[in-house]
Amino acid sequence: MDPMDIVGKSKEDASLPKATMTKIIKEMLPPDVRVARDAQDLLIECCVEFINLVSSESNEVCNREEKRTIAPEHVLKALEVLGFGEYIEEVYAAYEQHKLETMQDSLKGGKWSNGAEMTEEEALAEQQRMFAEARARMNGGAAPPKQPEADHPNVES
């Protein structure tokens, strides 16, 4: 593969986060096994090369179908063409799991949701309280004391 095959970047610029890759490598091995730094670097380079290979073949599959966007089906076909057919079932299962988790995250309100649901009135009251605290801080005064919530009778003031 030519070093400039990666659009706009030389091959040396393409990498994966070392900390993440080191964590993955360690999780896959028994706790008493150590991996030399050179071996970790080599594994990371192998992963980058594998991603480049599958991406390139996926692109070719996509082009043969006269499509402009690489779809998951193109990646699965690329794995088959490259001789990784034995992994297709596992890769497809991981893809389906990812779709399910993504769908669940979007139903929960995305990554910013904390799981606690507020009514519109509660959200408005919280917003007004936060505005009042911010105004008080900006005016040099102390924030007004926080009012105990009505739905928590056991909270002492």
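If you're wondering where the values come from, they're calculated on a predicted model, not measured in any experiment. (Residues numbered from 1 in each chain as written. Predicted model: local features only at pLDDT ≥ 70, side-chain atom pairs only at ≥ 80, totals over all residues. Heavy atoms only, no water.)

### Observations regarding the layout of surface pockets
Summary: where empty space remains is shown by rolling a probe the size of a single water molecule over the atoms. Considering only enclosed or pocket space, the second largest pocket measures out at about 230 Å³ in volume. For the second largest pocket, the full set of lining residues is Cys47, Phe50, Ile51, Leu79, Phe84, Tyr87 and Val91. Of the residues belonging to the lining of the second largest pocket, the class tally is seven nonpolar, no polar and no charged. (1 Å grid on protein atoms, 1.4 Å probe; cavity = no way out; pocket = protein on both sides within 12 Å on 5 of 7 lines; lining within 4 Å. Points joined across faces, edges and corners; volume = space filled by probe spheres on them. Nonpolar A, V, L, I, M, F, W, Y, C, P; charged D, E, K, R; others polar.)

### Overview of helix α3 (residues 72–81)
Given 3.6 residues to a turn, an α-helix orients residues that are three or four positions apart in the same direction. Of the residues making up α3, those classed as buried are His74, Leu76, Ala78 and Leu79. Positive phi shows up at glycine 83, right after α3, with a value of about 90°. (Buried < 20%, exposed > 50% of the residue type's maximum accessible area, 1.4 Å probe, protein only. Helix = DSSP H or I, 4+ residues; strand = E, 2+ residues; numbered from the N terminus.)

### Here's the deal with the pattern of salt bridges
In total, this model carries seven salt bridges according to the counting rule given. Of the charged contacts in the structure, one is a salt bridge between arginine 129 and glutamate 126, with a shortest N-O distance of 2.5 Å. Of this pair, arginine 129 and glutamate 126 are both found in helix α5 (residues 120–138), three residues apart, which corresponds to roughly one turn of the helix. For arginine 129, a relative accessible area of 25% gives the class partly exposed. Using a relative accessible area of 26% as the deciding quantity, one classes glutamate 126 as partly exposed. When salt bridges with common partners are traced through the structure, they connect Glu126, Arg129 and Glu133 into a single cluster. (Salt bridge = Lys/Arg side-chain N within 4 Å of Asp/Glu carboxyl O.)

### Overview of α5
For α5, which comprises 19 residues, the first-to-last C-alpha distance of 27 Å matches the rise-based estimate of 27 Å (1.5 Å per residue) to within 8%. Backbone geometry just after α5 places glycine 140 at a positive phi near 85°. (Expected span 1.5 Å × (residues − 1).)

### Quick look at unusual backbone geometry
Residues other than glycine seldom take positive phi values, yet glutamate 66 does so here, at roughly 55°. Residue position: glutamate 66 is located in the loop between α2 (37–64) and α3. A relative accessible area of 74% means that glutamate 66 is categorised as exposed.

### Here we look at the confidence of the model for the protein
Chain-level statistics for the protein give a pLDDT mean of 81 and a share of 75% at 70 or above. Between residues 1–8, whose pLDDT stays under 50, and residues either more than four places distant or in other chains, the model counts 12 contacts. Here residues 152–157 scores under 50 on pLDDT; set against residues more than four positions off or in separate chains, the count is one contact. (pLDDT = per-residue confidence, 0-100. Contact = heavy atoms within 4.5 Å.)

### Considerations on the packing of aromatic side chains
In total, this model carries three aromatic pairs according to the counting rule given. Between phenylalanine 50 and phenylalanine 84 the ring centres are 5.2 Å apart and the planes differ by 90°, which places this aromatic pair in the edge-to-face class. Of this pair, phenylalanine 50 sits in helix α2 while phenylalanine 84 sits in the loop between α3 and α4 (88–108), and the two are 34 residues apart along the sequence. For phenylalanine 50, a relative accessible area of 36% corresponds to the partly exposed category. Given the relative accessible area of 25%, phenylalanine 84 is considered partly exposed. (Phe/Tyr/Trp six-rings, centres within 6.5 Å; stacked < 30°, edge-to-face > 60°.)

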